[in-house]
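Tertiary structure, described
Each chain is listed here by its residues.
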Amino acid sequence: MRSNSSVTGGTGNPMMITDLFRPITSLGDPTGTAGTVDHRPVGGKSYVCGDTRPLLWHKTVPELLAETVDRFGPRDAVVFPRHEVRWSYYDLAGEVETLAAGLLAIGLNPGDCIAIWSPNRPEWIVTQYATARLGLVLVTINPAYRLSELEYALNTVGCKAIVTAPSFKSSDYLSMLKSLAPELEQCKPGRLDAARLPNLKYVITLGQEPVPGMFSYRQVTGLGGPAQLRRLQGITEDLDPDEPVNVQFTSGTTGSPKGATLTHKNILNNGRFVAETMGFSETDRLCLPVPLYHCFGMVLGSLGCVATGAAMVFPAESFDPETTLTTVLEEHCTALYGVPTMFVAMLEHECFPKNPITTLRTGIMAGAPCPIEVMKRVVEEMRMDEVTIAYGMTETSPVSFQTHVDDPIERKVSTVGRIHPHTQVKIIDERGRTVATGQTGELCTKGYSVMQGYWNDDLHTRECIDPAGWMHSGDLATIDEEGYCRIVGRLKDMLIRGGENIYPREIEEFLFSHPHIQEVQVFGVPDEKYGEEVCAWIVLKNSADLTEDQVREFCENRIAHYKIPRYIRFKPELPMTVTGKPQKYLMREAMIEELARAPSGNGR
């Protein structure tokens, strides 16, 4: 996600304006116990402020988990049916303490950065809370990343350790790590000194087989003793809610991926408000087929459950429609998360009509706009009467707007809802002035959920967070008279394919490295299945010969699969302005017209 634009990610912050409070139920307090607030804009301007009556939690992630364990210890916390894992909150707390003590024993200390590169597994959840307990900064790595992207992420943040699955689908993680750090073959675990990964010292594998130069996860969990447990308690008590706890890579509003630095207070409160908007309690059971590396799974899912005592249920390591449906039925799930393409895949699966779902109540559909017919089927056939839509960006922890469980279906398909608690949003024109209600402009967010900044990148931080603290999203939006927000488009060219946020410049820079490519422009075109698809227009060097398949082969295993262009066109020249800037809107219009004429609809 940019986790940047579109549904899922967040934007948010507070402002104390007492005259905003009028009789409308608070989004962040479905029970109404925190009072009521009017989310409508004030003075005809596109500015809204969320409810400030539910107090922000000023606590750390370990404090939150400890409180939940005290309240709901015997209840289900984490369920991985395919891994035969069913942990209560008591069990989860024990697993977390054991791993945190082991990480301390091998030499990690508060403030160190540790990456996790894995699909959804029980160890992922334990690592999330164990690193928070020890005061480490968890850097979440997309499971689809390849060599160059992994190297960039680890070095940009300066990761001292990485927890990695052995492999996932076509990705052999251990082979890629050995390629980047061949020194692993000769070093003892914890003693890595790699030329290409100078900060990395510890590699922890989730596999069962011993690997040269690496600790096994099981080995680490056995190293912590009484001394580490005593020291761990002191470290946890000294943590501050405003300290960084997570770095998530996002394309941001400009440039290549950057590490959005999020604090305990950022993500803990955002997960809480999302869950409260859906009316979560300890009786809810959330099915999570979305990836944990992303805010959708880690914050809205995992932390939302811990904030309310709900159970988090993971169908598989990655999304599979039949497995997800089976898990919902077998585990009696009351809530389900997913991007629209996931819901379509489940609704269209052959097993769906044979297995009527009766337990679902709510959930989140995010990552892309939802067609009204899909929403109707989700409500009617999956019985998710209280499904919600959410919007935000990774840089804002992520959610800033969310529809309410009682909103009519028309609102859920045409808007991203109303403002979250303790969040301010304004829509501005090109001069920075707040526009009138209903007018289009750039969406800006302010409040508790705005990130600390991009890790070690003050320049890009200043570009997107202005001196007044407003986070500029790069998204074009409107806010109507009732306070509902509509996302109209993007100021920048970032595109979203099936919930994955893709920044064209990153792909362009990679393709430029091909010896036969002289110019390239990458942009998105509409797609019924994924929302958008990646298209590349390429100008070849003189006398060069290159085919579409050869371009794709050049990309294979070097960039993530979802970034590989589906549509590739070779052009003698690209449309430019008189000042030499590429006119992507003309390329996009021409490509849309070409695809509409293509008999097969795929344009290949």
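Values in this document were obtained by computation on a predicted structure and should not be read as measured data. (Residues numbered from 1 in each chain as written. Predicted model: local features only at pLDDT ≥ 70, side-chain atom pairs only at ≥ 80, totals over all residues. Heavy atoms only, no water.)

1. Some thoughts on the overall build of the protein chain
So the rule is basically this: The numbering of helices and of strands both runs from the N terminus, where a helix is a DSSP run of H or I of at least 4 residues and a strand a run of E of at least 2. Note on exposure labels: buried denotes an accessible area under 20% of the residue type's maximum, exposed denotes more than 50%, and partly exposed covers the range between, all computed with a 1.4 Å probe on protein chains only. Residues count as neighbours in contact if any of their non-hydrogen atoms are within 4.5 Å of one another.
Helices and strands together make up the secondary structure of the protein chain, namely 17 helices and 27 strands. Along the three orthogonal principal directions, the C-alpha set of the protein chain runs to about 70 × 65 × 55 Å. Residues counted as buried form 60% of the 604 residues belonging to the protein chain. Taking as baseline every contact in the protein chain between residues at least 6 positions apart, the subset at least 24 positions apart corresponds to 71%.

2. Looking at the nonpolar core
The condition that has to hold: In this description, a nonpolar core means a group of buried Ala, Val, Leu, Ile, Met, Phe, Trp, Tyr and Cys residues linked to one another through side-chain atoms lying within 4.5 Å.
One finds Leu103, Tyr337 and Leu511 to be the most contacted residues of the largest nonpolar core, which totals 134 residues. Of all the elements, helix 9 (residues 295–308) adds the most residues to this core, at 9 residues. Setting aside residues up to four positions removed in sequence, Leu511 forms contacts with Ile517, Val520, Val522, Ala536, Val551, Phe554 and Cys555. In this structure, Cys333, Cys351, Met384 and Val387 belong to the second largest nonpolar core, which totals 35 residues.

3. Overview of the sheet that holds strand 20 (residues 453–454)
Here is the rule we go by: Any two strands with at least two DSSP-identified bridges between them are counted as paired.
Strands sit in the order 8-7-6-4-5-9-10-20 across an open sheet of 8 strands; the sheet is mixed. Each of the sheet's edge strands pairs with one partner strand only, and the pair in question is strand 8 (215–216) and strand 20. As defined by bridge partners, strand 4 (residues 113–117) adjoins strand 5 (residues 137–141) across 5 bridges and the pair is classed as parallel. Bridge assignment links Cys113 to a residue of strand 5, and that residue is Val137.

4. Some thoughts on the packing of aromatic side chains
Heads up, the condition is: Two rings belonging to Phe, Tyr or Trp (six-membered ring only in the last case) form a pair when the distance between their centres is within 6.5 Å. Interplanar angles under 30 degrees mark stacking, angles over 60 mark edge-to-face geometry, and anything in between is tilted.
Counted by the stated rule, this structure contains 8 aromatic pairs. Relative to Tyr448, the ring of Phe273 lies with its centre 6.0 Å away and its plane at 75 degrees, an arrangement referred to as edge-to-face. Highlighted residues: Phe273 in helix 8 (residues 264–277) and Tyr448 in the loop between strand 19 (441–447) and strand 20, separated in sequence by 175 residues. Residue Tyr448 is classed as buried on the basis of its relative accessible area of 9%. A ring pair is formed by Phe296 and Tyr337, whose centres lie 5.3 Å apart and whose planes are at 25 degrees; its orientation type is stacked.

5. Some details on the packing of helix 2 (residues 89–106) against helix 7 (residues 226–238)
Test applied: In this analysis an axis means a line fitted to C-alpha atoms, helices contributing only their contacting stretch, and an angle means the value between N-to-C directions, from 0 to 180 degrees. Orientation is classified from the angle alone, with under 35 degrees giving roughly parallel, over 145 giving roughly antiparallel, 65 to 115 giving roughly perpendicular, and any other angle giving oblique. Under the convention adopted here, Pro, Cys and the residues Ala, Val, Leu, Ile, Met, Phe, Trp and Tyr are nonpolar, Asp, Glu, Lys and Arg are charged, and Gly plus all remaining residues are polar.
One way to put it is that helix 2 packs onto helix 7 with a least axis distance of 9 Å and a crossing angle of 100 degrees. Comparing their axes, helix 7 and helix 2 come out roughly perpendicular. Contact residues: helix 2 offers Glu97, Ala100, Ala101, Leu104 and Ala105, while helix 7 offers Gln228, Leu229, Arg231, Leu232 and Ile235. Tallied by class, the residues present in the contact of helix 2 with helix 7 amount to 7 nonpolar, 1 polar and 2 charged.

6. Re the pattern of salt bridges
Close approach of charged atoms allows side chains with opposite charge to pair. Rules: One side-chain nitrogen of Lys or Arg within 4 Å of one carboxyl oxygen of Asp or Glu is enough to make a salt bridge.
Taken as a whole and judged by the stated rule, the model has 31 salt bridges. The salt bridge involving Arg86 is made with Glu331; its shortest N-O contact spans 2.8 Å. On the criterion of sequence distance, the pair formed by Arg86 in strand 3 (residues 85–88) and Glu331 in the loop between helix 10 (321–330) and strand 13 (335–338) is long-range, its members being 245 residues apart. Its relative accessible area of 43% is what places Arg86 among the partly exposed residues. Where Lys376 meets Glu373, a salt bridge forms, and the shortest distance between an N and an O atom there is 3.8 Å.

7. Comments concerning the confidence of the model for the protein chain
Note the cut-off: As a per-residue measure, pLDDT reflects the predictor's confidence and takes values from 0 up to 100.
In the predicted model, the protein chain carries a mean pLDDT of 90, and 91% of its residues have values of at least 70. Throughout residues 1–35 the model reports pLDDT below 50, and contacts reaching past four residues in sequence, or to other chains, amount to 174 contacts.

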